[in-house]
Amino acid sequence: MSVLVLVLAVSAACCLGFGFVLQQNAARQAPLSDFLSPRLLLDLMKVPRWLGGIALMVAGMALGAIALGKGEISLVEPLLATNLLFALALSRKQSKQPLGRQGWAGLLLLAGGVTAFIVAGEPRGGNAVTDPLRHWLIIGVMTGIALLLTTYAKRSRLSAAPMLLALAAGLLYGVQDALTRVSGQRFSEGGLVEVLTGWQPYAVLVLGVTGLILVQSAFETAPLRMSLPALTAAQPLAGIVCGVGFLGDRLRTDTGALAWEAAGLAAIMTGIVLLGMHPAMPAGATETERTRDLQPR
């Protein structure tokens, strides 16, 4: 594994984790009338803390894009999942909650799971699938599931909505990461003109904005522990599916390697849940607090 890819991916995870906490701090006080509406983003633009969170997220996405350009998506995505560690670190500073057994167990499971998956799978590049049907089939399944989750979340409103929206956003972000890598490959082959003449960068933009609305709607309706674990779990899984499905990423497939890869993914998911449900994660706001930071100064 390239040290540069490791540094870039972990730095991206740090920016994303800090950014998610700052965004949720602001979004949890947004009016519920903005739920799943682009107006939510317009309202949140008035809040400096949210803008700081967005700046960190953009920096994280940029670092992640560079990492994806230099390493396989099956390698980078598990490393990006460690953003939850940084989110918990900032949340602990805000809440003064001790890490405790749950926090240490989640930390060890997440870090150990990422290590086990990478060491056992040995992600490496290969020949990308040229059949467009394969591309559209995988992307269509991912976006279709995200649409179904969003539709059900809209009907369920505040009950299961935060987790469903976060899952949908994670799937979209995983596809976005895959298309970001494709755009980077096109840029290296033909420059900016080659990128702009393809559909991938425009899909990246649409997926990014859509995912942002879903995430902020999840953040405004419930504590961070109800949404961030689902978001953090869905994104690497979707990215790995895209990487192996049509980007040409290869993983070891012998019996022992597959067993360790499965165990690593299971540990990652368990660690994500434990860390995401930690009491230190920011809580939601009461109805009377929701418009406090959005009032004109």
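Above: the structure in question.
Let us look at the structure shown here. This one's a predicted model, so the numbers in the text were calculated from it and none came from an experiment.

Some details on the overall build of the protein
Next, step 1: Counting its regular elements, the protein contains 11 helices and 0 strands.
Next, step 2: Traced from its N-terminal end to its C-terminal end, the protein shows the element sequence α-α-α-α-α-α-α-α-α-α-α.
Next, step 3: Taken against the 2.2 N^0.38 rule, which gives 19 Å for 297 residues, the C-alpha radius of gyration of the protein at 19 Å falls within 12% of a compact globule.
Next, step 4: Out of the 297 residues belonging to the protein, those deemed buried represent 52%.
Next, step 5: Sequence separation of 24 or more characterises 88% of the internal contacts of the protein that already satisfy a separation of 6 or more.
Next, step 6: Surface accessibility of the protein: about 13,200 Å² in total, with carbon and sulfur atoms responsible for 68%.

Brief notes about empty space enclosed by the protein
Next, step 1: On inspection of all chains with the given rule, the structure shows 1 cavity of 30 Å³ or more.
Next, step 2: Empty space within the largest cavity amounts to approximately 50 Å³.
Next, step 3: Lining of the largest cavity is provided by Leu16, Glu77, Leu80, Ala81, Asn83, Thr232, Gln235 and Pro236.
Next, step 4: Elements with a minimum of two residues in the lining of the largest cavity: α4 (73–80) and α10 (228–245).

Looking at the layout of surface pockets
Over the atoms rolls a probe the size of a water molecule, and its path tells where empty space is left.
Next, step 1: Computed from the structure, the largest pocket encloses a volume of approximately 490 Å³.
Next, step 2: Every residue lining the largest pocket is counted, 25 residues in all, and those nearest its centre are Met57, Val58, Met61, Gln176 and Gly208.
Next, step 3: Going through the elements one at a time, α1 (3–27), α3 (48–70), α8 (161–196) and α9 (200–221) are the ones with two or more residues in the lining of the largest pocket.
Next, step 4: Ranked by residue count, the leading element in the lining of the largest pocket is α3, at 10 residues.
Next, step 5: In the lining of the largest pocket, the residues fall into 18 nonpolar, 6 polar and 1 charged.

A look at unusual backbone geometry
Next, step 1: Backbone geometry places Glu122, a non-glycine residue, at a positive phi of 45 degrees.
Next, step 2: The residue Glu122 is located in the loop between α6 (100–121) and α7 (132–156) in this model.
Next, step 3: A relative accessible area of 43% places Glu122 in the partly exposed class.

Quick look at the pattern of salt bridges
Next, step 1: Inspection of the entire model under this criterion finds 5 salt bridges.
Next, step 2: Among the salt bridges present, the one from Glu194 reaches Arg186, with a minimum N-O distance of 3.5 Å.
Next, step 3: Judged by its relative accessible area of 30%, Glu194 falls in the partly exposed class.
Next, step 4: Residues joined by salt bridges that share partners form a network here, namely Glu122, Arg252 and Asp254.

Digging into the environment of Gly100
Next, step 1: On the secondary structure map, Gly100 appears in helix α6.
Next, step 2: In this structure the C-alpha to C-alpha distance between Gly100 and Ala280, which are 180 residues apart in sequence, comes to 10 Å.

Some points on the packing of aromatic side chains
Next, step 1: Across all of its chains, the model carries 3 aromatic pairs by this definition.
Next, step 2: Note on Phe18 and Phe86: the rings are 6.2 Å apart at their centroids and 90 degrees apart in plane angle, and the pair reads as edge-to-face. Of this pair, Phe18 sits in helix α1 while Phe86 sits in helix α5 (residues 83–95), placing them 68 residues apart in sequence.
Next, step 3: The exposure class of Phe86 is partly exposed, given its relative accessible area of 22%.
Next, step 4: The interplanar angle of 75 degrees and the centroid separation of 6.2 Å between the aromatic rings of Phe20 and Phe219 together place this pair among those described as edge-to-face. Here Phe20, found in helix α1, pairs with Phe219, found in helix α9; they are 199 residues apart in sequence, far enough to count as distant.

Parameters and conventions
- Residues numbered from 1 in each chain as written.
- Predicted model: local features only at pLDDT ≥ 70, side-chain atom pairs only at ≥ 80, totals over all residues.
- Heavy atoms only, no water.
- Helix = DSSP H or I, 4+ residues; strand = E, 2+ residues; numbered from the N terminus.
- Rg over C-alpha atoms; globule rule 2.2 N^0.38 Å.
- Buried < 20%, exposed > 50% of the residue type's maximum accessible area, 1.4 Å probe, protein only.
- Contact = heavy atoms within 4.5 Å.
- Areas by Shrake-Rupley, 256 points an atom, 1.4 Å probe, with all protein chains shown as cover.
- 1 Å grid on protein atoms, 1.4 Å probe; cavity = no way out; pocket = protein on both sides within 12 Å on 5 of 7 lines; lining within 4 Å.
- Points joined across faces, edges and corners; volume = space filled by probe spheres on them.
- Nonpolar A, V, L, I, M, F, W, Y, C, P; charged D, E, K, R; others polar.
- Salt bridge = Lys/Arg side-chain N within 4 Å of Asp/Glu carboxyl O.
- Phe/Tyr/Trp six-rings, centres within 6.5 Å; stacked < 30°, edge-to-face > 60°.

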